[in-house]
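# A look at the structure
What follows is each chain in one-letter form.
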Amino acid sequence: MNESQNKQVLTWLKSGQSLTNFQAASYFSIYRLSARIYDLRKRGNNIKSELEFDGSKHWSRYFMKKSEK
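What follows covers the side chain of N6. Along the chain, N6 falls in helix α1 (residues 3-14). Among the polar contacts made by the side chain of N6, one reaches the side chain of R36 at a distance of 2.9 Å. A distance of 3.5 Å separates the side chain of N6 from the side chain of D39, its partner in a polar contact.

This paragraph deals with the environment of W12. Counting through the fold element by element, W12 comes out in helix α1. In the structure, W12 is positioned 51 residues away from F63 in sequence and 9.1 Å away in space, judged by C-alpha atoms. Apart from the residues within four sequence positions on either side, W12 is in contact with Q17, S18, L19, Y27 and F28.

All right, on to the nonpolar core then. In summary, soluble globular proteins display a tendency toward joint burial of nonpolar side chains. Core analysis: the largest hydrophobic core is formed by 14 residues, its most contacted members being V9, L13, L19, L33, I37 and I47. Those elements that provide at least two residues to this core are α1, α2 (21-28) and α3 (33-42). It is α1 that provides the largest number of residues to this core, a total of four residues.

Reading the values: the criteria
Residues numbered from 1 in each chain as written. Predicted model: local features only at pLDDT ≥ 70, side-chain atom pairs only at ≥ 80, totals over all residues. Heavy atoms only, no water. Helix = DSSP H or I, 4+ residues; strand = E, 2+ residues; numbered from the N terminus. Polar contact = N/O pair within 3.5 Å; in protein donor to acceptor, adjacent residues only side chain to side chain. Contact = heavy atoms within 4.5 Å. Core = buried A, V, L, I, M, F, W, Y, C linked by side-chain atoms within 4.5 Å. Buried < 20%, exposed > 50% of the residue type's maximum accessible area, 1.4 Å probe, protein only.

Right, here's the structure in full:
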């Protein structure tokens, strides 16, 4: 587990912002966001995801509701 990356992702999501793989790579140099989300969910964080589409491309957007911090 990469604790530093987990902390960055959790802090970002707790601030009320959503996060995609592209954003995680651009902002934090995290290239396996789904692994970080898995780690955080395993620890009891209620992280939601939505699948987004653009033509033939698709990706997940991760978020937490502010009341679920």
